[in-house]
Amino acid sequence: MVNLGSLSLTSSSRSSKPMVHISFWIPYFTHWGQSLLVCGSAPGLGLEDVKKGLLLKPLHQGDELIWTGSVSVPQGFSCEYSYYVVDDKKNALRWEMGKKRKLVLPDTLKGGEYVQLRDLWQTGDQALPFRSAFKDVIFRQSWDLKIDKPLGVFQNTLDQDDSLLVQFKICCPNIGEETSVHVLGTSEKLGKWKVEGGLSLNYVGDSVWEADCLIPRADLPIKYRYCKVRKAGELSLESGGNRELSVPVDNRQRIIIMSDGLFREMPWRGAGVAIPMFSVRSEADIGVGEFLDLKLLVDWAVESGLHLVQLLPVNDTSVHKMWWDSYPYSSLSVFALHPLYLRVQALSERLPEEIKQEIDKARKQLDKRDVDYEATMETKLSIAKKIFDLDKNRTLNSSSFQKFFSENEGWLKPYAAFCFLRDFFETSDHSQWGTFSRYTTEKLEKIISKDSLHYDSICFHYYIQYHLHLQLSEAAEYARRKGVILKGDLPIGVDKNSVDTWVYPTLFRMNTSTGAPPDYFDKNGQNWGFPTYNWEEMSKDNYAWWRGRLTQMGKYFTAYRIDHILGFFRIWELPDHAMTGLVGKFRPSIPLSQEELEKEGIWDLDRLSKPYIRRKFLEEKFGDFWPFIASNFLNETEKDCYEFKDDCNTEKKIAAKLKLLAEKSLLLDDEDKVRRDIFDILRNIVLIKDPEDERKFYPRFNLEDISSFQDLDDKSKNVLKRLYHDYYFHRQEDLWRKNALKTLPVLLNSSNMLACGEDLGLIPSCVHPVMQELGLVGLRIQRMPSDAGVEFGIPSTYDYMTVCAPSCHDCSTLRAWWEEDQERRQRYFKDVVGSDELPPSQCVPEITYFVLRQHVEAPSMWAIFPLQDLFALKEEYTTRPATEETINDPTNPKHYWRYRVHVTLDSLMEDKDLKSTIKNLVSSSGRSVPASGEDEKQGGDIVNGSTK
């Protein structure tokens, strides 16, 4: 038997170099049947294959469970490694987040030494300081931090038998200028808690500080902590309890490397503003917010004490070439940027006078209350085409364009070809494109050929994307320099008639569509109409399409919001013929089998899985109009029992037939009402039969509410209620957890952005533990509490790993919410404000201030406010009706996304009073605010009024 606790990392038992004995040591509590394992880049650590990694053994040390294991390595050995939790078959159940650990042993070590690596498990939140949002923006340094010594070098040598050589190692990503890091502790070698005699650490790169010293065994155990010391003598001791260096169990271990994780300090907290790109208004834009407006928005954010600007998706959505395309979550391409946000006057420095005049005229004509999507798109593309005709040769031959093209041609060529074919065939439905319906690289090269008559049209799309890239890149770099995070949005779906479904058809299930679970917005659910993903196919190339999306986003953003993150655990899937979401099912999910149902005494599966239609139901729903409905839509199968005719047995077929009847003026009732009522009859089923396997079934959402269920005997009702509850709340948890752990880590590791997840709605119990494990920041909206039986969330109880907000783009603004329901307003005033008085009917600035203060004082990492909610702090900005400030109505699938703020950024910049109010609100709560003006000369953020 091989001793799994002690292996050699050399390929043979003999080595030309003397061997050093390494032991791993990490405290970690596991569940029954789980073990810890080390996997790394060396042979004895599995060569990155977890199944071949080094399995560790547990031992109890006081109240801790310690996992240990040993390997023998040659002098000068180096590798990378991570810890994993595995089951008894070495299947990985979870793993450390963040970068892999680096082990570098100096050549100066003699053969025969025993080195102990004391590590701490790296959680997801500990990896956040190395995401670009913090590393490149918040903790960005304007000075050079020079490396004092290479990683892994020991500056001391063992010269006494009664001493240990201890290397202290700490990660300190947030470091001020002229600041050093020290270890203080109970030993004389650590200064007896005095800085003057403490151990000063050296910077070894990548935010890591380390130093080693000889410590007599007699001093052990040692209590110690790390501290920062500024040149002026200001000391900042890390928070939390003392760390401890205990006596090694094995007396042969004389070298100990203490990898102590992150420097412990008060968690960083910041605030931000959320506004869709299209909603921004400036004096320079034409009808809609533009990427270059972000520079002015960033300036306003800095002076208002805000560290983050959050946008909705900015990808091209030009599927229909009409206002329906205003919906920002239905991407024509997940890589291309939206031409809507182009600043045409920035396309060239040599604009003819007539084009300048045309731009000025367009700016005045399109300076409307709301976005005129169609007119704005038409105007911008028309002007851009004129500039392109004058400028194309100079631009397309430039080295800058050539570089952009070579880095992006993988998506840029198909995008340009798709746009040309969309315009040529006058539809984005690529199934209507004849020979071009099926994408091949040969057809693509033919379409984009320089010899084609339409090559100019292809190049125009290249040209627009190039300038969009330049403009957004300019704004993004400006934000980084100003200490402001630009946060993007990753839609869960793509349009079924998109570049992506054309080029990568096997990645999508085109006969199904994505929907929101019915609890999400209303009792009917919302059919988003996106094709669902073929995750099995995507996994074959390690989710390259997703990785490409995130890599592309990372060029512009340092943080992003994952829209409907539950979709990576499971998606609510609907047949393509559905128009509402009640008869969907979760994918993946474990269905109810026919054998399982029959074992429970459920035999009549046809009765349960087909619409249960009886005359009495028709009479109740349609009254005297029921014979008309029956004759047009139903066949009578037996006396007073009906089924749907073949030409109207789906929601889409019913809608089409009703439209024809309405055109013939045969409907006595409102068409929408009749459609809803017939849909109710069609959805009167208890079980949904799996279209891929007729022996599998799914319980229909809210099955207790329907007459088909209510007409069953009590025994059947009880069995089906139990199975329903099991399907929705129990049996899927492990499956969904494993599904998320296949996909989400790939996303998180494919870019360096900070990831936040929109986790509203019916939340399976597996979701929050996985998000916590992966370091994903969740979302908390006060009016949508995740706790059952609670009407209003309490921000003071939120977890640190959250974004808190009083509202978001998918609901009414704070002001509109306050004013729309008197009884709810009174309950809020009593339960949250703590007042028995009658609340004001209007959301006056004092109410807004109270609500916003609750959020900035919350423990949440981020408090992010829609710009409309910040406007409500000042009465002069509340002249526009509150109902007009809502960005999206989730109950309306054809909502026009056109809200524009009624104040220009230029005038907001002049309002010192509003900026001061917001900044004082943020800074007084202990949240960080960006440096501005004189602060920039000192360097660092401002926290509670002092530089840090």
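Further up the page is the structure itself.
Basis of the calculations
- Residues numbered from 1 in each chain as written.
- Predicted model: local features only at pLDDT ≥ 70, side-chain atom pairs only at ≥ 80, totals over all residues.
- Heavy atoms only, no water.
- Helix = DSSP H or I, 4+ residues; strand = E, 2+ residues; numbered from the N terminus.
- Rg over C-alpha atoms; globule rule 2.2 N^0.38 Å.
- Buried < 20%, exposed > 50% of the residue type's maximum accessible area, 1.4 Å probe, protein only.
- Axes fitted to C-alpha atoms, helices over the stretch in contact; angles between N-to-C directions.
- Parallel < 35°, antiparallel > 145°, perpendicular 65-115°, else oblique.
- Left-handed = near helix turned anticlockwise from the far one by under 90°.
- Contact = heavy atoms within 4.5 Å.
- Nonpolar A, V, L, I, M, F, W, Y, C, P; charged D, E, K, R; others polar.
- Phe/Tyr/Trp six-rings, centres within 6.5 Å; stacked < 30°, edge-to-face > 60°.
- Lys NZ or Arg CZ within 6 Å of the ring centre and 35° of its normal.
- Polar contact = N/O pair within 3.5 Å; in protein donor to acceptor, adjacent residues only side chain to side chain.

The subject of this paragraph is the overall build of the protein chain. Across its full length, the protein chain holds 27 helices and 40 strands. Over its C-alpha atoms the protein chain spans a radius of gyration of 32 Å, differing by no more than 12% from the 30 Å that the globule rule assigns to 948 residues. Its C-alpha atoms put the protein chain at 100 × 80 × 75 Å along the principal axes. Counting only residues that meet the buried cut, the protein chain has 57% of its 948 residues in that class.

To continue, consider the packing of helix α22 (residues 822–833) against helix α23 (residues 845–856). With their axes 13 Å apart at the nearest point, α22 and α23 run at an angle of 50° to one another. By the angle between their axes, α22 is oblique relative to α23. Here α22 runs over α23; the crossing is left-handed. Contact with α22, carried on its side by Tyr828, Phe829, Val832 and Val833, involves Ile847, Phe850, Val851 and Gln854 of α23 and no other residues of that element. When grouped by side-chain class, the residues that make up the contact of α22 with α23 number 7 nonpolar, 1 polar and no charged.

The next thing to look at is the packing of aromatic side chains. Per the counting criterion, the structure on display carries 62 aromatic pairs. Ring geometry for Phe24 and Tyr83: centres 6.4 Å apart, planes at 90°, overall edge-to-face. Of the two residues, Phe24 sits in strand β2 (residues 19–27) while Tyr83 sits in strand β7 (residues 78–86), which places them 59 residues apart along the sequence. Each of the two residues, Phe24 as well as Tyr83, counts as buried. Between the aromatic rings of Phe425 and Trp433, the centroid separation amounts to 6.2 Å while the plane-to-plane angle is 20°, which identifies the pairing as stacked. The class for Phe425 is partly exposed, based on a relative accessible area of 29%. You can call Trp433 buried: its relative accessible area is 1%. For the cation-ring pair, Arg118 lies above Trp25, with the distance from its terminal atom to the ring centre recorded as 4.8 Å. When the ring centre of Tyr612 is taken as origin, the NZ or CZ atom of Arg607, which lies over that ring, is 3.7 Å away.

Our next topic: the side chain of Thr317. Assignment of secondary structure puts Thr317 in the loop between β21 (308–310) and α3 (353–365). Among the polar contacts listed, one links the side chain of Thr317 to the backbone oxygen of Asp325, at a separation of 2.6 Å. At 3.1 Å, the side chain of Thr317 and the side chain of His338 are in polar contact. When sequence neighbours within four positions are dropped, the list of residues in contact with Thr317 reads Asp325, Tyr327, Pro328, Ser330, Ser331, Leu332, His338 and Tyr373.

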